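The primary structure of each chain is shown beneath.
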Amino acid sequence: MLRVFATLFAGLVVLGLGAALAGFYMLWRLSNDLPSYDHLADYAPPIMTRVHAGDGSLIAEYARERRIFVPIETIPEHVVHAFLAAEDKNFYSHSGVDSRGIMRAVVTNVWNVVNDRRLVGASTITQQVAKNFLLTSDVTFQRKVTEALLALKLERAFTKDQILELYLNEIYLGLGSHGVAAAALNYFDKSLTELSLADAAYLAALPKAPNNYHPFRRREKAIGRRNWVIGRMLDTGFISTYQASVARAEDLVVTPRAFGAQLVEANYFVEQVRRDLYERYGEEKLYESGLSVRTTLDTQMQGQARDALRQGLMAYDQRHGWRGPVDTLAPNTTWTTALTEIDLAADLAPWTLATVIGLSEEYAKIGLRPTREVSGAFRDEIITSTIPLEEMTWARKFIDDKRIGNEVKRPHDVVSIGDIVYVAPVPGEDGKPTHYALRQIPDVNGAIVALDAHTGRVLALQGGFSYEISEFNRAVQATRQPGSAFKPFVYAAALDRGFTPSSMVLDAPFVMDQGPGLALWKPENYGNRFYGPSTLRLGIEKSRNVMTVRLAQNIGMGTVRDYARRFGITENMPRVLSMALGAGETTLLRMTSAYAMLVNGGRQVSPTLIDRIQDRRGATVFRHDQRACDACEAEVWENQPAPELPDTRAQVLSPQTSYQVVSMLEGVVERGTARSVRAVGHPLAGKTGTTNDERDAWFVGFSSDLVVGVFVGFDSPRPMGRGETGGKVAAPIFRDFMTAALADTAPVPFRIPTGINLVRVNAKTGLLAGPGESNVILEAFKEGTEPRAAEPINQGVQDLGIAIGPNGEPVTTTGTSTPLGNGTGGLY
């Protein structure tokens, strides 16, 4: 018997030794095959690129994973304690593997198996770091052993704080949040330092399974799990009983933060910044390298630009009538359900959708779209209001671009019961809506750009009525004919060739033979009238086409093309006369930048949406202003002179010619085609532009420091209607924007450079003005070109190459070296 027991014992010993040797061999192999963790010492996770406005406010984020890296020393203590209590209370005492925790988990899991409950784990924070960074998530015995071995090695290679820093910046917490800093923003719209104890406890409840404790779909479970974490913090001594009771009593208020663009008014601006970053750095660096981008955006001015453009587009649209409802309520469908099933662009707010549910002689009764909760669900509510007749009298039936229907006398003339329409609230004295106004999405579209005249910094950019409806950016992507908005550059070229603002040019019929088989070209003024010899100033103030053609023919289209290239309007303008009337295509941003070079004294500027870019460590990797400033690096103020930065901008036009053009464009506002702009009450200048058949309407203008360009037109060019010119459609948008943008600023006159003399002349004839003479203006002349006698400064019709017939009529010009081409040309 003893021999049997001895044999069995020996067998068990042999088996035990074999198992031990096998175990040691497996551990040896696994230890030798462990993945390298050297890269953790230089941990650089994919983190968000963040885009800020000029005032520092966050306007956009770009990332594949929403993560913000924060050093461990900047993470508040109560946040650290919440995660330690929930995940690894012995973190600072174990060596990577918690043997007591393992034994406790074994006992607990025996009970859980008996009671059919979910098994619990015993992974330490160090083991989770090993798994998250170096291993897969496979639930196998080998992976768990490898995880433990790695944890032991990590503990020897890194400090506890380094391991905890890796964990808190890598852990996934739901809502696309990687790391605690991103989660604080995405769940509560708070920084880590702003989190309450209850907030921190809720975040610490999420690592195991964020979806199981979703703040909206599983709210009760989420609160229960949060309170469990609070209890763990109390048990481990991290908080007092009072703190625990206060935290448990706090409601779980989650306010998910929008991803991407954060400022709805700036969607077009932000998307253009994203495109610029993508072209500069590529996709990976844009979405993973954690760039910090400081843009040029003025958030207040951006809102003003969006509002002015929308009001202008709506004003045009309403002049051309009502095109009908968005939809009609289907049979057997409740209006609340129908309204929630129609997408409503968020950037249309405060507009909403409504169904007409009743009609009277004085108003239409409407049911409003239910309110959408933060979670995305609609409230179970019924809200009704009215659209009074006076809020829909504009809605005469649209027939075509030239005709609208009869006057609206009652709501039945516009809408029917069951119509689904856009409406906008009309607030009362208390700011709450008293009723609603009928609205429709304009069929026409446009853009507005505002930039600093001296630096080219784009302060505001709105590329359309609604970004969510159309992402096409008409400020930078649409190439359209600027029409007469191009004329100032023809006049600038003429002024550089010896003309003065008082030079006389014949405004009379002009006919050109284009060659065999082609029709004669006969450019006309808007209104088909001619005014005889007129000064250059009158020519630009009244936007005379024929004068501009004669001027371009005299100086040569090669010169005009050079000026177009010099000002960045277009690179390869055809040398044809119609180009002088703005038949060449360009973008609104290019044209606005060109006008900046007129008002800033002829200095070249490049438009930019980005001031500075920094990498994740704060090092500047791009700066728009490349000027060196050694004196700016002074660490203390010792009454030294203020630093003076060199002006490195190229001179593309003389300051004297620049001012002469500015002065003439000021006349466009005072006496010409943009008189509506005078209402702003500041010194302003600019030029209207309208292409043939009113297909494009422009106004580009400026104060002494701010340049603004406006374009309006259909995306698929078609006539906007007779009389819908730049002065009627685009200039009011400029006026409304400037009224808001300059409201709190003192008027600043345009700066007059040296070498310019102001002389009193007759505004119509250009002659020196006599004492007591009316219709007198101060004209800007370069030194030495001032009139010295009461005679017009006349280039003469013969000097312009125009032959005159026996009865004084111009003879057809043929054989010119400047071909016409087939451009459509501009009006005014």
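Everything discussed here concerns the structure shown above.
Described below are features of the structure shown in this document. Because the structure is a prediction, the values reported are computed rather than measured.

**What about the nonpolar core?**
Among soluble globular proteins, nonpolar side chains are generally buried collectively. With 137 residues, the main nonpolar core has F567, Y595, L706 and F737 as its most contacted residues. Among the elements that take part in this core, helix α19 (residues 588-599) stands out by supplying nine residues, more than any other. With residues near it in sequence (within four places) discarded, L706 still touches M301, A450, L451, A453, L459, G701, F737, M738, A741 and L742. Within the second largest apolar cluster, 56 residues are counted, among which are I68, I171, L206 and A244.

**Regarding the packing of helix α13 (residues 299-319) against helix α21 (residues 726-741)**
Direction vectors running N to C along α13 and α21 enclose 150°, while the axes themselves pass 9 Å from each other. Taken together, α13 and α21 sit at an angle that is classed as roughly antiparallel. For the pair α13 and α21, the sense of crossing is right-handed. Across from M301, Q304, A305, A308, L309, G312, L313, Y316 and R319 in α13, the residues of α21 making contact are K728, V729, I733, D736, F737, A740 and A741. Across the contact of α13 with α21, the residue classes tally to eleven nonpolar, two polar and three charged.

**Remarks on the packing of aromatic side chains**
Taken as a whole and assessed by the stated rule, the structure comprises 19 aromatic pairs. Residues Y187 and Y202 carry aromatic rings whose centres are separated by 5.7 Å and whose planes lie at 75° to one another, so their mutual orientation is edge-to-face. Note that Y187 is positioned in helix α7 (residues 180-188) and Y202 in helix α8 (residues 197-204), a separation of 15 residues in sequence. Plain terms: the ring middles of F188 and Y202 are 6.3 Å apart, the flat faces sit at 80° to each other, and that makes the pair edge-to-face. Of this pair, F188 sits in helix α7 while Y202 sits in helix α8, and the two are 14 residues apart along the sequence. In this structure, F188 and Y202 share a single accessibility class: buried. Three or more aromatic residues link up through ring pairs in this structure, and these residues are F486, F489, Y563, F567, Y595, F702 and F750.

**Things to note about the environment of Q626**
Assignment of secondary structure puts Q626 in the loop between β19 (620-623) and α20 (655-671). Taking the C-alpha atoms as reference, Q626 lies 9.2 Å from T648; in sequence the two are 22 residues apart.

**Some thoughts on a nonpolar patch on the surface**
A grouping of I752, L758 and L778 is seen on the molecular surface, where their side chains present a nonpolar patch of about 270 Å² in accessible area. By the secondary structure assignment, I752 is in the loop between α21 and β23 (756-762). Overall, I752 belongs to the partly exposed group, its relative accessible area being 45%.

**Things to note about the layout of surface pockets**
Within this model, the second largest pocket holds a volume of roughly 700 Å³. In terms of lining residues, the second largest pocket is bounded by 23 residues, among which H624, D625, Q626, R627 and T648 are the most central. In terms of residue class, the lining of the second largest pocket is made up of seven nonpolar, seven polar and nine charged.

Rules behind the numbers
Residues numbered from 1 in each chain as written. Predicted model: local features only at pLDDT ≥ 70, side-chain atom pairs only at ≥ 80, totals over all residues. Heavy atoms only, no water. Core = buried A, V, L, I, M, F, W, Y, C linked by side-chain atoms within 4.5 Å. Buried < 20%, exposed > 50% of the residue type's maximum accessible area, 1.4 Å probe, protein only. Helix = DSSP H or I, 4+ residues; strand = E, 2+ residues; numbered from the N terminus. Contact = heavy atoms within 4.5 Å. Axes fitted to C-alpha atoms, helices over the stretch in contact; angles between N-to-C directions. Parallel < 35°, antiparallel > 145°, perpendicular 65-115°, else oblique. Left-handed = near helix turned anticlockwise from the far one by under 90°. Nonpolar A, V, L, I, M, F, W, Y, C, P; charged D, E, K, R; others polar. Phe/Tyr/Trp six-rings, centres within 6.5 Å; stacked < 30°, edge-to-face > 60°. Patch = residues over 30% accessible without salt bridge, like charges linked within 9 Å, V, L, I, M, F, W, Y side chains within 5 Å. Areas by Shrake-Rupley, 256 points an atom, 1.4 Å probe, with all protein chains shown as cover. Salt bridge = Lys/Arg side-chain N within 4 Å of Asp/Glu carboxyl O. 1 Å grid on protein atoms, 1.4 Å probe; cavity = no way out; pocket = protein on both sides within 12 Å on 5 of 7 lines; lining within 4 Å. Points joined across faces, edges and corners; volume = space filled by probe spheres on them.

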